[in-house]
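Each chain is listed here by its residues.
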Amino acid sequence: MKKWILILAVCALCAFGITIVKVDVTENRKIIYLQDGEPFLADRVKQSDQFVFYEIDGNSGMFMKDDVQGVGDITVEKKIGLLKILDRQKRIAMTRLGISPKWIRFLDSRLFLLALLMIAAVAIDQLPPRLWRLIRKALQKNEVDEAAQSDEMMDMVSGGEHESSDVRDLALFFLELFRVQKGLAKDSPARYKMTGNAAFGKMKVFELSIMGEQDWQTRRMSIGPLGEESGSKSKCFYVIYDTHMVIKLPPSPVTDMKTYLTAIRREVQIAAQLSPIACIVPRVSVVLEKVKTLPYADSLNKEQLEKRYIRLVEEEEEYQQYLKVGDHFAFFMELTNNFFLSRVIDELHAPKEQIGDEIREAPETAWDQEAFTARYGLESLSLFKGLQNLYRECDMEVRRIVTESGRDVSIQPFQIRSWILSKLAGETISREAWNIGETLTAQIETRFSTIFAANQQLVEDLIRLLKTHLSAKAFTKSHKQIENLSSNTLRLLHQLKEKRIALRDLKPDNLFLDANPDDYPIFLKDPSAFSIGVIDVETALSLIPGESGIIEQPLLGGTPLYATPLHLLKNEVLAEYFQDSSQAYYFQDWFAMLAIIFKAITGKNLFQRAARSFPEVLKILKSSRQKKRPDESTIKAMNQKFWSAAIADVRVHLAVFSEQLNQLTLTVPEPMVPVIREELEREKRCLTKEIAKRVSRFPLLKSEKNRSFLMNADTDAIKKQVHRWKDTTQLSENHRKLAPEMIAFLKNLIRLKQGADEKSLAITTIDSVKRQLPAYCLIEAMFQIAFRNIYKTHWQTLPESHKESESMEETKADEKSQMVTNILTEED
């Protein structure tokens, strides 16, 4: 009994003692930067196309997206009462259980804690020793299982959970480098901090400070992640410190100097084999030349200088610490003023004008139906009508508010229209512009905000229309640069085959433009003025067999948006099921390159569904781990899962972006012409065969004469037939019943015939002296070639991809799709 009285006393003391206890709390908060420069802290932030929604202390709100400069993360440190923390957790837990707020407020957190402590004490006291042993074993087993699972993820999906610690380690690394450069003692006081605007954007700006003889010496540096969407083997960071550099942190820490230098020499050898393709690889001299200047360094070229610095770290161990971030070796690559391909693509597709500029360019367009549809297309008519309804609703509210105020003021229609357009553009209007007084203006503004919120979908659709128009204008202006960029990217693919190198992690973040940076972006107008270079060849391999007669085993894994299931399979598996492993590796790069070309042209990712299929692909591979290596049924299941999603991606995206893709013509490297031409011929045969099959099997065609007519008719003749069947006044009663089915059949026939005509034209074009091809035909042909070289015909027809919720554009894609991807799994 005394034991339980003592336990009760201790529990009560703990429960009620938290009233006076305060703890240091570090909270990760979101920070919203508004256009006026004022930061806004929030607990959670979610963004849509037009709005930024936030939540703070349980209350929700939103900003127009155009009012927001950016959203970032910030760490806030403060002292907070332990009781307040417990109150918050109690409220969350009880709310989830559906308990009434009245009861939540009634139950004191200290009594709640006391009850929990007593229950825990009783439970612990009653646990038998045998059960304690079982719990300990289960916890130990769980730790082992988690470690094993982590090893099996193969780095296909980036974790990102240690990013903050990586950034911190990099900041400390450069703080130490700054101290060495200043020649200050190791025990000199030092500090670093993130600057006030560092949460804006991806680049974090740090201020490094070292105490000198009399005062603090300070400088700045920037750190930002590279390839956040990649999931590639290593983490890469873009750093600006004296020079621009990329720092690569391997997933498996490197602590041995010999292993570290072997990895560097391997990448240097790959770069030598790629020459004259520009290639940026890790070098120890990138950092060490900031620490120690070698004798006669000015007379040495880059390769000679690198060899001298390697000799230095091998002979003098103290210099190795300057190559470590944290406790592990890092790989340092120096950039000059090169432009990453990803950055150039983003700039080419970024609208050069804002919505406000578009509205001000033709302010009367919004109120003139003919002008509106002429500028934005006939399909925008419903939005024009919605805008007029919005104006009428706002106008009525203004009149009502003015009348109820009893004031003799006049507000003109043009003022209301101007306010609506400014609101759409995300701009603010000064209250003085209304000239009707503070109180009345505030009432009108509040009511207008309510009207806009009630018509949120219309407002978002209008803003999307304006942004789409601006993007189209930007595309038209960048037309030639995009063509040249895509053609040179295609040229790199051919060069890789010539050099017998497979990069295996091709993506815009790993490519750069090799040209005079002072001429950017002018050099994009001349394809001969620049070429595409390569950065980071960690996963690359030479396809030339070594002394043993076999190809080196590369690192497994890749970037989901640009990878195939082959990135997960070892050499011996590729050789067994794909005969020529060199070809298998080559078509991995082929697949990635067509995704890069699509992104260069559209600014969008081509293989979104395929990338999302990788967790399931990994699960299928993992299920075969109990076997020595995956059998054919496993490889078949992996590929079926992936390629059914990839086909859906191509079908939808080629249809949605067909207009853009058909506007551009890309130059095909001469050695690739026969392969592409052969594929175009095959696609034409497929389409012709499909046309014949549909005509012969369509039940409404009773006579051979009608079948022969449709087989030989051009698209214009069939369109006339569609028009005739639509005019039901000229049809008999029986034909009117059949009209919908006949019209659908004829429209599908038109799409197939248009596809066959496009292939005929593409064959003629690629045979010309210029060897050019519409981007649409090129991407489709490249996809078909990659598919047929990776997916084996005896694996049978692919299952249909799981149908996800589709946008209106994707639904329209189904209606106008004429791609061979709809029938590519059928026999020729």
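Data block above holds the structure.
So, how was this worked out
Residues numbered from 1 in each chain as written. Predicted model: local features only at pLDDT ≥ 70, side-chain atom pairs only at ≥ 80, totals over all residues. Heavy atoms only, no water. Pairing = 2+ DSSP bridges. Helix = DSSP H or I, 4+ residues; strand = E, 2+ residues; numbered from the N terminus. Contact = heavy atoms within 4.5 Å. Axes fitted to C-alpha atoms, helices over the stretch in contact; angles between N-to-C directions. Parallel < 35°, antiparallel > 145°, perpendicular 65-115°, else oblique. Nonpolar A, V, L, I, M, F, W, Y, C, P; charged D, E, K, R; others polar. Salt bridge = Lys/Arg side-chain N within 4 Å of Asp/Glu carboxyl O. Buried < 20%, exposed > 50% of the residue type's maximum accessible area, 1.4 Å probe, protein only.

Turning our eyes to something else, we now look at the sheet that holds strand β19 (residues 531–535). With respect to topology, 4 strands assemble into an open sheet ordered β12-β19-β18-β16, the strand pairing being mixed. Looking at the sheet topology across the chains shown, the edges are occupied by β12 (279–280) and β16 (339–340). As defined by bridge partners, β12 adjoins β19 across 2 bridges and the pair is classed as parallel. Bridged to I280 within β19 is I535. Each of β18 (511–514) and β19 touches helix α17 (residues 479–499); the most contacted strand, β19, lies at about 55° to it.

Sheet architecture is open: 6 strands sit in the order β7-β8-β9-β10-β11-β15, paired in antiparallel fashion. The open sheet terminates on both sides in strands that have one partner only, identified here as β7 (190–194) and β15 (331–335). For this sheet, the mean inter-axis angle between neighbouring strands, taken without regard to orientation, is 25°. Here 5 bridges tie strand β11 (residues 243–249) to β15, and the two strands are oriented antiparallel to one another.

Helix α16 (residues 456–477) packs onto helix α12 (residues 369–376) with a crossing angle of 50° between their chain directions and a minimal axis gap of 11 Å. The angle between α12 and α16 falls in the class oblique. Residues F372, R375 and Y376 of α12 form the contact with α16, whose own contacting residues are L465, L466 and H469. Its residues assigned to classes, the contact of α12 with α16 comprises 4 nonpolar, 1 polar and 1 charged.

Applying the stated criterion across every chain yields a total of 30 salt bridges. Between D242 and R219 there is a salt bridge, and its shortest N-O distance comes to 2.8 Å. In this pair, D242 is assigned in the loop between β10 (235–241) and β11 and R219 in strand β9 (residues 216–226), connecting sequence segments 23 residues apart. Across the pair K759 and E683 runs a salt bridge whose closest N-O atoms are separated by 3.9 Å. With a gap of 76 residues between them, K759 in helix α27 (residues 733–766) and E683 in helix α24 (residues 673–697) connect regions that are remote in the sequence. The exposure class assigned to E683 is buried, which follows from its relative accessible area of 0%. In the salt-bridge network here, residues are joined through shared partners; they are E397, R400, E404 and R447.

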